[in-house]
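# Fold and contact review
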Amino acid sequence: MSIRKVVKYGTPSLREPSKEVHKVSQKIKVLVEDLLDTMYAQNGVGLAAPQIGENVRVFVIDVSTGDEPLNPMVFINPKIIKKSGAVISHEGCLSFPEAFTDVKRYANVMVKALDRNGRSFVLEANGGTLLARCIQHEFDHLNGILFIDHVINRFDAETQLSKNNLPPLELEHILNEPELEPEIQRLLEEKSKKNEES
C-alpha cells in the first residue's frame, strides 16, 4: 500500500463532515492500509481519513508503546455510544506538526464501529487512557472538529500555532462544553495547587 500526504491545518477538507461507508469494499480496505502505513511512517498514534484528503468515516489507531507488538485498530462508521468523566489531555495532531496544547476530553468512552472486514464491534476505553483520548480525537476528525476546538488555554494554543507557522485559532469553531467544565475546573485547580507546592 502507500504512504499518503497528511494535509495540514487550514486545508478545507479537515472541516468537512465525512460520509458514511456503505460497503467495506476493496477501495475502503486499501484506504485502511494507506492510513496505517501513513500513521506508522509519521510515528502517529491515530489517523483519520480526512487527514489524507478522503472524507469518509474511517480512522485507525495504534497506542502500543516501546517493545509492545503493533496493535492496529480500525474503526469504520464509528459511533460514540457512551461517554462520561473528564480529563485534561495534552494533545498534538499529525495535521498540526509540532504543535501541542491542553484540551478537554471525556475520561471514559464506549464506541461501536465496523472493523476492516465489516464486522461490528464495541470497545470501551476508560480512565482517560491514551486510547480513550485518541478515539475522541480521531472521531472528531470525521465531523470536521479539530483538537484545538476543545482548547483550555487559548493563549497557549495561539502561541503554539504561531510558533509552528500554522493558521490562528478559528474562534467560531471553539466548542462550548458545559458538561465537562466543572470537572475540568477542578482538575485545573488541583494542578495549580500541586505546582505551588512543588
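So, how was this worked out
- Along each chain, residue indices are assigned from 1 in the same order as the chain's sequence is written.
- In view of the model being predicted, local features appear only for residues whose pLDDT reaches at least 70, and side-chain atom pairs are presented and counted only at 80 or more, with totals across whole chains, interfaces and linings using the full set of residues.
- Values reported for side chains reflect all heavy atoms of the structure, with hydrogen atoms and water molecules removed beforehand.
- Here a strand pair is declared whenever DSSP counts at least two bridges between the two strands.
- Secondary structure elements follow DSSP: runs of H or I of four or more residues count as helices, runs of E of two or more count as strands, with numbering from the N terminus.
- What makes a salt bridge here is a side-chain nitrogen of Lys or Arg within 4 Å of a carboxyl oxygen of Asp or Glu, nothing more.
- Think of it in three bands: with a 1.4 Å probe and only protein chains considered, a residue is buried below 20% of the maximum accessible area for its type, exposed above 50%, and partly exposed in between.
- Contact criterion: two residues are considered in contact whenever any of their non-hydrogen atoms come within 4.5 Å of each other.
- Note on geometry: axes are C-alpha line fits, over the in-contact stretch for helices, and angles between N-to-C directions span 0 to 180 degrees.
- Here the nonpolar core consists of buried residues drawn from Ala, Val, Leu, Ile, Met, Phe, Trp, Tyr and Cys, with membership extended through side-chain atoms lying within 4.5 Å.

### Structural notes on the pairing of strand 3 (residues 73-84)
- Two elements, strand 2 (residues 58-61) and strand 3, share four bridges in a ladder whose sense is antiparallel. Paired with Val-60 across the strands is Val-74, a residue of strand 3.
- Two strands pair when backbone bridges link them, and strand 3 and strand 6 (residues 108-114) are joined in this way by six bridges, in the antiparallel orientation. Pairing of Lys-82 across the sheet is with Met-110, part of strand 6.

### Description of the pattern of salt bridges
- Counted according to the given criterion, the structure contains 14 salt bridges.
- When the shortest N-O distance is used, the salt bridge between Glu-20 and Lys-79 registers 4.0 Å. Of this pair, Glu-20 sits in the segment before helix 1 (26-41) while Lys-79 is found in strand 3, placing the two residues 59 residues apart along the sequence.
- Overall, Glu-20 belongs to the partly exposed group, its relative accessible area being 37%.

### Section: the pairing of strand 6
- Two strands pair when backbone bridges link them, and strand 6 and strand 7 (residues 120-125) are joined in this way by six bridges, in the antiparallel orientation. Bridging from a neighbouring strand, Leu-114 pairs with Ser-120 of strand 7.
- Linking strand 6 to strand 7, which pair antiparallel, is a turn of five residues; within it Gly-118 sits at a positive phi near 80°.

### Section: the environment of Pro-168
- When you line up the elements, Pro-168 lands in the loop between helix 3 (154-163) and helix 4 (181-197).
- On a C-alpha basis, the gap between Pro-168 and Tyr-9 in space is 9.6 Å, while along the polypeptide they are 159 residues apart.
- With residues up to four places along the chain from it excluded, the contact list for Pro-168 reads Tyr-9, Glu-158 and Leu-161.

### Let's talk about unusual backbone geometry
- The phi dihedral of Asn-43 falls on the positive side, at around 55°, and the residue is not glycine.
- Look at Asn-43 and you get exposed, because its relative accessible area is 72%.
- Positive phi, close to 50°, is recorded for Asn-77, a residue that is not glycine.
- Mapped onto the elements of the fold, Asn-77 is located in strand 3.

### Points about the sheet that holds strand 3
- Pairing is antiparallel across the open sheet formed by five strands, whose spatial order is 1-2-3-6-7. Each of the sheet's edge strands pairs with one partner strand only, and the pair in question is strand 1 (46-48) and strand 7. Looking at each pair of strands side by side, their axes are set apart by 35° on average, direction ignored.
- Each of strand 1, strand 2 and strand 3 is contacted by helix 1, which is oriented at about 40° to strand 2, the strand it contacts most.
- Here helix 2 (residues 130-141) sits on the sheet and contacts strand 1, strand 2, strand 3, strand 6 and strand 7; the angle it forms with strand 2, its principal contact strand, is near 155°.

### Describing the nonpolar core
- In this structure, Phe-59, Ile-61, Phe-75, Val-109, Ala-125, Leu-131 and Ile-135 are the most contacted members of the largest nonpolar core, which totals 21 residues.
- Contributions of two or more residues to this core are made by strand 2, strand 3, strand 6, helix 2 and helix 4.
- When residues of this core are assigned to their parent elements, the largest contribution, five residues, is made by helix 2.
- When neighbours within four sequence positions are excluded, Phe-59 is seen to be in contact with Leu-47, Ala-48, Met-73, Val-74, Phe-75, Pro-78, Ile-135, Glu-138, Phe-139 and Leu-142.
- Within the second largest apolar cluster, 17 residues are counted, among which are Val-6, Leu-36, Val-74 and Ile-76.

Honestly, that's just the spatial picture; any functional story needs more than this.
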